[in-house]
Amino acid sequence: MEESNDSHPWTKGIEDLIIKLASDSEVYKTLHEKDARQANINHNRAMYVALALGPISGVIASIGAVMHPEENKLFPIAEIILGFLSGIVIGSIKVAKFDEKSTTHKIASAKYTSMISNINFQLALPPKHRDDPMEFMKWVERKYDELLIQSPLISTKYSKTCEDMEAGKLPNLNARFNSTISKPVPTNDTLKYEINRLNNI
């Protein structure tokens, strides 16, 4: 690790800016985790409904055949309705792409985790052993902007949280990032581990 350039010393202002970006990233990470979890729940619910409608439709068709459908039109109508609903549910699963949404949100959350871990690692070191503050600040800002652009849209039900974050109304996380920690610099293995962790949510 390169030592800081004397012409660019670490200052409280730079640390506060980096901590603010880390705090915002922590919020986005949590929101992406929630969206990933919700998309996974929606996908499972739709799959269970689709799986249930098929057998139920078959049972009703069998009952209708025994009950003389020419005399009782209720069972054929119910069979048609259930078949129609089953098609709608299966179509909604393909169109909504719940599984794909869950995966993209998990990846976004893992990337935010990687960036936060990098910041944690830098701030845990004594200033003289940290990277050049200007270069690190540029890297954090660039990474933060890239994540905002590349990450999937967060659900509108969390828009109030994002507005509060932009207005500085969320709890400050300075205590967390100023605490004594010992973390390695995140690698691709860190991302893979985080994605596996999120898959088990």
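About the thresholds
All chains use their own residue numbering, which begins from 1 and follows the written sequence. Residues qualify for local features only when their pLDDT is at least 70, as the model is predicted, and side-chain atom pairs are given and counted only at 80 or more; totals for whole chains, interfaces and linings, by contrast, use all residues. Side-chain figures throughout are based on the complete set of non-hydrogen atoms in the structure, without hydrogens or water. The numbering of helices and of strands both runs from the N terminus, where a helix is a DSSP run of H or I of at least 4 residues and a strand a run of E of at least 2. Burial classification: accessible surface area is computed with a 1.4 Å probe over protein chains only, and a residue below 20% of its type maximum counts as buried, one above 50% as exposed, and the rest as partly exposed. By definition, a salt bridge exists where a carboxyl oxygen of Asp or Glu is found within 4 Å of a side-chain nitrogen of Lys or Arg. What counts as an axis is a line fitted to C-alpha atoms, over the stretch in contact for a helix, and the angles between N-to-C directions run from 0 to 180 degrees. Relative orientations are named as follows: roughly parallel for angles under 35 degrees, roughly antiparallel for angles over 145 degrees, roughly perpendicular for angles from 65 to 115 degrees, and oblique for any other angle. Left-handed describes a crossing whose near helix is turned anticlockwise from the far helix by less than a right angle; the clockwise case is right-handed. For this classification, Asp, Glu, Lys and Arg are treated as charged, while Ala, Val, Leu, Ile, Met, Phe, Trp, Tyr, Cys and Pro are nonpolar and the rest, including Gly, are polar. Note on ring pairs: Phe, Tyr and Trp rings are taken, using the six-membered ring of Trp, and paired if centres are within 6.5 Å. Classes follow the plane angle, with under 30 degrees stacked, over 60 edge-to-face and the rest tilted. Working rule for contacts: check all heavy atoms of both residues, and any pair within 4.5 Å makes them a contact. Expected span of a helix, by definition, is 1.5 Å for each gap between consecutive residues, and there is one gap fewer than residues.

Trainee: For this particular structure, what's the right way to read the side chain of Arg 130?
Mentor: Tracing the chain through its elements places Arg 130 in the loop between α3 (98–124) and α4 (133–150). Arg 130 gets classed as buried once you look at its relative accessible area, which sits at 5%.

Trainee: What am I meant to see in the pattern of salt bridges here?
Mentor: When their charged atoms lie close together, side chains carrying opposite charge are able to pair. Scanning all chains against the criterion turns up three salt bridges. Ionic pairing is found between Arg 130 and Glu 15, a salt bridge with its closest N-O pair at 2.6 Å. With Arg 130 in the loop between α3 and α4 and Glu 15 in helix α1 (residues 12–66), the pair connects residues that are 115 residues apart, well separated along the chain. In this structure, Lys 20 engages Asp 24 in a salt bridge whose closest nitrogen and oxygen atoms are separated by 2.8 Å. Residue Lys 20 and its partner Asp 24 are located together in helix α1, separated by four residues, close to a single helical turn. The buried category is assigned to Asp 24, whose relative accessible area is 10%.

Trainee: Explain the packing of α1 against α3 here, please?
Mentor: Two numbers describe a pair of packed helices, the interaxial angle and the distance between the axes. It is the contact of α1 with α3, at a shortest axis distance of 8 Å, that shows an interaxial angle of 155 degrees. With respect to α3, the element α1 is oriented roughly antiparallel. Of the two possible hands of crossing, α1 and α3 adopt the one that is left-handed. Among the residues forming the contact of α1 with α3, the class breakdown is 14 nonpolar, nine polar and eight charged.

Trainee: What am I meant to see in the packing of aromatic side chains here?
Mentor: We describe a pair of aromatic rings using the distance from one ring centre to the other and the angle between the two ring planes. Counted under the stated rule, the structure contains four aromatic pairs. For the pair Tyr 28 and Tyr 112, a centre-to-centre distance of 5.9 Å together with 20 degrees between the ring planes defines the contact as stacked. Pair noted here: Tyr 28 is in helix α1 and Tyr 112 is in helix α3, with a separation of 84 residues, a long-range link. For the residue pair Tyr 28 and Tyr 112, the accessibility class agrees, reading buried in each case. Aromatic side chains Phe 136 and Trp 139 sit 5.8 Å apart centroid to centroid with 20 degrees between the ring planes, which places their arrangement in the stacked category. Remark: Trp 139 and Phe 136 occur in helix α4; sequence separation between them is three residues, near one turn of the helix. According to the relative accessible area criterion, Phe 136 is buried, its value standing at 6%.

Trainee: Help me understand the packing of α3 against α4 in this model?
Mentor: At a minimum axis distance of 11 Å, the contact between α3 and α4 shows a crossing angle of 165 degrees. With respect to each other, α3 and α4 are oriented roughly antiparallel. Handedness of the crossing formed by α3 with α4: left-handed. Facing Lys 111, Tyr 112, Met 115, Asn 118, Ile 119 and Gln 122 of α3, the residues of α4 in contact are Phe 136, Trp 139, Val 140, Lys 143, Tyr 144, Leu 147, Leu 148 and Gln 150. Looking at the contact of α3 with α4, its residues break down into nine nonpolar, three polar and two charged.

Trainee: What exactly am I supposed to notice about helix α2 (residues 74–96) here?
Mentor: Each full turn of the α-helix corresponds to 3.6 residues, which orients residues three or four apart in the same direction. Helix length check: α2 (23 residues) gives 32 Å between terminal C-alpha atoms against 33 Å at 1.5 Å per residue, within 8%. Packed against the buried residues of α2 are α1 and α3. Of the residues flanking the end of α2, it is Lys 97, one or two places downstream, whose phi is positive at about 50 degrees.

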